[in-house]
Structure formats: structure tokens, C-alpha cells
Amino acid sequence: MEYLVMETHPAFAVLLGDDGSMIKAANFGYAVGQRVTEPVLIKTESPKKVHQWKRLGGIAAAAACICLLYFGAYRPNFVPYGTVRMKINPDVLMTVSRTGRVLDLKGLNDDGDTLINGYSYLSKKEDEAAAELMETASRQGFLKDGGTVNLKVASKDGEWVSDTADNLSKTMDKGVSGKDVTIFITLGDDGKPKFVITASDGSGRIWDYDQWSKLQSSSAGNTPSASSGSSSQGIEQWGKQQGDSWEQWGEQQGDSWETFGEGVGSIFDDGFSGSSDINELLQKIKGQLG
Amino acid sequence: MSEESAIVSQVYEAKSDPDKADEFIRQYMGFIKSETAKFTGRIPQEGRDDELSIAMLAFYETILAYDRSRGAFLSLAALAIRNRLIDFSRSEKRHAGNVSYDEPINDDGSTLGELIADESDEVERSADRLSAQSEIAEFSKRLGDFGLTLSDVADNCPRQERTMSACLSVLDCARKNPALLAELERTGRLPIAALSTLAKVERKTLERHRRYLVAILLAYTNGFEIIRKHLSQTKGGVR
């Protein structure tokens, strides 16, 4: 391509190409009006644009990292997501992260303050902290044999509430120190508990509240309340009644079969005398089985 | 004001004003020569050494590309000069086997160029160049009436082939409609709306390359025969 030198400067010359392009190139001592070939063209970059893109890229990468840290690590671990309220007599409220870390612990009454005084909840999960607090309550005399514990789990996330309650139900019996204790776990704003844990001698049993409630009513004749302190006694009483009833039934059955045996024996006292004996035996069996 | 910030403010002025750029480059000729000498191993001579021309171009490129966030200007310029000279020396190696016209070939100092008969008419060539100079001076003056310089036009020239062919189709359209060229001359304004409609080129493209289009259309008005002839002399030239 041939270029016509249009203008010269110390560092560059303006050239008009025969394709219509007008460009800047190195000035190898060119004169205006001269025709040249193979010039060394200026390298035009748009540094601002590149720089802005780089800067934007950097900002975007930093924002992505911050988002990743915030949503991936900070928010699940350090932002309050729900609460667990434990009421024995001491009333205590735990603020819990999404991953179950206890973020804050405060007493809602004087006994609550006494209970948490000196207790370090840092890096502990909600179920671990709750079990340890129950153990402390038991040691300090707040939780006695036959006592009850009410746990209320609350959050905007129903699934989280359900999972947390499930977690608590699996570990709470460890904190009762062998005492006969009933633990009621309520989910969110539900009026009635969802689970009941009956714990004694270091072993616990999880009941659905409705099931447990029916059991209580059938044994005690009235619907046990969540705050009732004699739930375990009710069950024992019901068990005794059931036992007596079955014993009585067994005795009656025994008498009946004894009579039946004696009757069958009398048929064959004089030896087997044919079909009349068979018919009599069948009649007795029919009568016995009713 | 510190020396560095004084340089930076000069650089920012030189970015948009070619005269300021020339002045700044003259002021730092010592630096440019020194950087060139570091590369070539000898003191460069103005007007004789291509390496010095390349170094000056690299210095000018640094002025255009400089941004405060890129650090000290002179360090950046030194690096740019060195890189440009490396590129240039690599490209020159391709011509290593060629003999220069200006290379002395005899003991008496006569050059190859002097021995080879020049078949072209030097007088005619000189006259042509003078005519071209005169026409380019007139063209430059007419551009000045539009508030433009040739340097502005070069800066505004499309870089992409597609944009370039769009601009050339606008030129084709204007040549077929001399009234549009006359309107440009009369009003001193580019008839963007009419050109956009007739050439079927987006108005945005025309507005973005307005300065280049004014120059190229102006070349096709009366009185710029040499420029027009240059533009249409080759197969790849302007249609």
C-alpha cells in the first residue's frame, strides 16, 4: 500500500493510505507530499478502556469474593437465624446461627442469669449448649426429679426449626443426669409441643406429643398438660392398672381352662366309647372357645 | 509542584494537543536519545538513525497511552522505547541480506544509489511533490475552517475494517450525490441524516467518525486532484 505524507511532526507523520485510511506513523525524515511504503504505524491502544475493564474486573472479583465469604462462611455461621428458649425455672434464650452455632445467650429471668453466669457458649452447637445448661441446672438444683423442661425453637425457616428440634430431641436426655425429667419441645409459634422426651436413668424416649398425651389421659383420666410435673407418675400408675387387669384376665382364663380340662377328662374316664364321646368333646371345645 | 507531577501535567496537555506534544518531545530529546543509545550502543543522530525515529514514536505513544495509575511517566516511556526498539530490530532482521542504497560501496565513498541509474525524472518528481505540498497545505487549511487538524482526522479514522467500509460507502453515496458535498462546503456541517439514510449506515457510526468523514468528503470536493488521484490509484484504493 502506498501512503501520502500529509503532515509531519518530530515524533510522527500523518499519512493518507490509498485505501482511504489516515494514520500516524514514525517519521523517518519524511517530507509533506512524499509517497512512502511500509511505514512503522503507531500502536493505538485505548488504555483507559482497558484500565477501566481491568478495574471493573478487579471490583467484580473482589465483590464475588466478599459475597462468597459472606454467604458461604459469615452468614451461615455468624448471622442470627433462629432462637432456642429453654425454660426450667431459669428462663434462657439462645440466639443460634443457621449452622447451629450459639451466637448469644441471655437469661430472661434472675434464675436464668444465675444459670448462664460463667458459662462459655463460644463455638458450641445449640444441642450441646442446651444439654450442658440442663446439666448445670440439675447441679444447681433448678432441675429436680420429676421436673419438666420446656424448649421452644423459633425461626422464619420452618425446615430449620424442624431440624433443630430433631437435633435437640436426640441429645437432650444426656443432660438430665439420671433424673426423671420430661422435656417438651415446641416448634415456632405452635401452642402445643411437638415432641416429648421422657428421660430417666440416663436413657430417654422420644414421644410424639399427641401420642404421649393420649397415653397420659388414658392412665390418669385427664389430659396431661405440658407443664404438669407428675407425668411419669401417671404413666407408672397406668402401667400398674394395666398389669392388674391382665393378671385378673390371666387368672380367669386359667380357671376356665382348668374346668375345660376337667370336663374333657371326665368324658374319657370310662374309656373311649365311639362317636358319642367325639361329639361330646367337640361340644366342650366349642363351648370353651365360645 | 514536584518534578514528577509537572511532567504528568505536561503529558496530559500533550495528549490532546499535537503542538504541546511536539514541544514536550523536543524538551525530552536528551532522554529519548539516551534510551536509544542504551539499546544501540552508539549516540543516535537526528534525521539519520531510524532507531531514534522509532524511539520518538514510542515516546509519543506513551504520552497518548499514559495514565496516572501506571506509575512514573519516564520509567514507562523508557520501557516503551526499549520494547519498540526490540520489535523494530526484529523486523529489520528480515532485511538483513539487503544492501542499502545509501551504503558506501567503494573506497571513495560513493554509494549504490549514486551508481544505479535513476530512470525517473527528478525534476518532474520534485514538481509533483511541490504540487502535492501545496494541495495538502490547502486541504489542511480547509480542514482548519471545519475546526479540524490532520492529526485529529488520523485519530478519528476507523480502525476496524467493517467501520472503514461503512465510511467508504458513505463517501460513495456522497460522490453520487454532489449536492451533499456542496452542502458540506456551504454549511460547514456534515449532512449526517441524509448520508445515513442514503448510504444505509447507522447514524451512530457517522457521528462517531464525523471528523474523518468530513476530511474524506472534503477531499472529493473541487481542488484536491492529487489527493483524489492518490486515493483511487491502486486496486485496493477507494472506489
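Residues numbered from 1 in each chain as written. Chains lettered and ligands numbered in written order. Predicted model: local features only at pLDDT ≥ 70, side-chain atom pairs only at ≥ 80, totals over all residues. Heavy atoms only, no water.

1. Brief notes about the overall build of chain B
In terms of helices and strands, chain B carries 14 helices and zero strands. Ordering the α and β elements of chain B from the N terminus gives α-α-α-α-α-α-α-α-α-α-α-α-α-α. A total accessible area of about 13900 Å² is found for chain B, and carbon and sulfur atoms account for 48% of it. (Helix = DSSP H or I, 4+ residues; strand = E, 2+ residues; numbered from the N terminus. Areas by Shrake-Rupley, 256 points an atom, 1.4 Å probe, with all protein chains shown as cover.)

2. A look at the sheet that holds strand E1 (residues 2–8) of chain A
Sheet architecture is open: four strands sit in the order E3-E2-E1-E4 (chain A), paired in antiparallel fashion. The sheet is open, and its two edges are formed by strand E3 (22–26) and strand E4 (35–37) of chain A, each paired on a single side. Each adjacent strand pair in this sheet contributes to an overall mean axis angle of 45 degrees, direction not counted. Bridging between strand E2 (residues 12–17) of chain A and E3 of chain A involves five bridges; their strand directions are antiparallel. Note that in E3 of chain A the partner of Phe12 of chain A across the bridge is Ala26 of chain A. Across the sheet, helix H4 (residues 50–65) of chain B touches E2 and E3 of chain A, and the angle it forms with E3 of chain A is around 125 degrees. (Pairing = 2+ DSSP bridges. Axes fitted to C-alpha atoms, helices over the stretch in contact; angles between N-to-C directions. Contact = heavy atoms within 4.5 Å.)

3. Examining the interface of chain A and chain B
Between chain A and chain B, the contact holds 39 residues from the first and 46 residues from the second. In total, about 3400 Å² of surface goes out of reach between chain A and chain B, with carbon and sulfur atoms giving 64% of it. Looking at the side of chain A facing chain B, the largest losses of area belong to Pro10, Asp18 and Met22 of chain A, adding up to 17% of the total buried there. Linking chain A with chain B are two salt bridges, by the criterion used here. Where Asp87 of chain B meets Lys43 of chain A, a salt bridge forms, and the shortest distance between an N and an O atom there is 2.9 Å. (Buried area = accessible area lost by both parts, 1.4 Å probe. Salt bridge = Lys/Arg side-chain N within 4 Å of Asp/Glu carboxyl O.)

4. A closer look at the environment of Asp18 of chain A
The residue Asp18 of chain A is located in the loop between E2 and E3 in this model. Sequence spacing of Asp18 of chain A and Leu4 of chain A is 14 residues, and the spatial spacing of their C-alpha atoms is 7.9 Å.

5. Side note on the nonpolar core
Core analysis: the biggest nonpolar cluster contains 76 residues, and Met6 of chain A together with Ile32, Phe59, Phe139 and Ile227 of chain B have the highest contact counts within it. Not counting chain neighbours up to four residues away, the residues in contact with Ile32 of chain B comprise Ile25, Leu52, Ala55, Met56, Phe59 and Ile81 of chain B. (Core = buried A, V, L, I, M, F, W, Y, C linked by side-chain atoms within 4.5 Å. Buried < 20%, exposed > 50% of the residue type's maximum accessible area, 1.4 Å probe, protein only.)

6. Concerning the pattern of salt bridges
All names here are of chain B. Overall, the coordinates contain 14 salt bridges over all chains when judged by the stated rule. A salt bridge links Glu61 to Arg84; the shortest N-O distance between them is 2.5 Å. Here Glu61 is found in helix H4, whereas its partner Arg84 is found in helix H5 (residues 73–93), with 23 residues between them in sequence. You'll find Glu61 and Arg84 in the same group, each marked buried. For Glu207, the salt bridge identified is with Arg203, shortest N-O distance 3.0 Å. With Glu207 and Arg203 both in helix H12 (residues 203–208) and four residues apart, the pair spans about one turn of that helix. Assessed through its relative accessible area of 42%, Glu207 is described here as partly exposed. In the salt-bridge network here, residues are joined through shared partners; they are Arg42, Asp49 and Glu51.

7. Examining the confidence of the model for chain B
All names here are of chain B. With 88% of its residues at a pLDDT of at least 70, chain B reaches an overall mean of 85. Helix H3 (residues 29–40) holds the highest mean pLDDT among the elements of chain B, 94, whereas helix H6 (residues 112–115) holds the lowest, 69. For this predicted complex, the interface confidence reaches an ipTM of 0.86, while the overall pTM sits at 0.53. (pLDDT = per-residue confidence, 0-100.)

8. Remarks on the confidence of the model for chain A
Across chain A, the average pLDDT comes to 82, with 89% of residues at or above 70. Scored below 50 in pLDDT, residues 222–230 of chain A makes 19 contacts in the model with residues more than four places away or belonging to other chains.

9. Digging into the environment of Leu150 of chain B
Inspection of the secondary structure assignment puts Leu150 of chain B in helix H8 (residues 150–156). As a C-alpha pair, Leu150 of chain B and Ile136 of chain B span 14 residues in sequence and 9.9 Å in three-dimensional space. If we skip the residues at most four places from it in the chain, Leu150 of chain B touches Met6, Glu7, Val14 and Met22 of chain A together with Ile136, Phe139, Ser140 and Leu143 of chain B.

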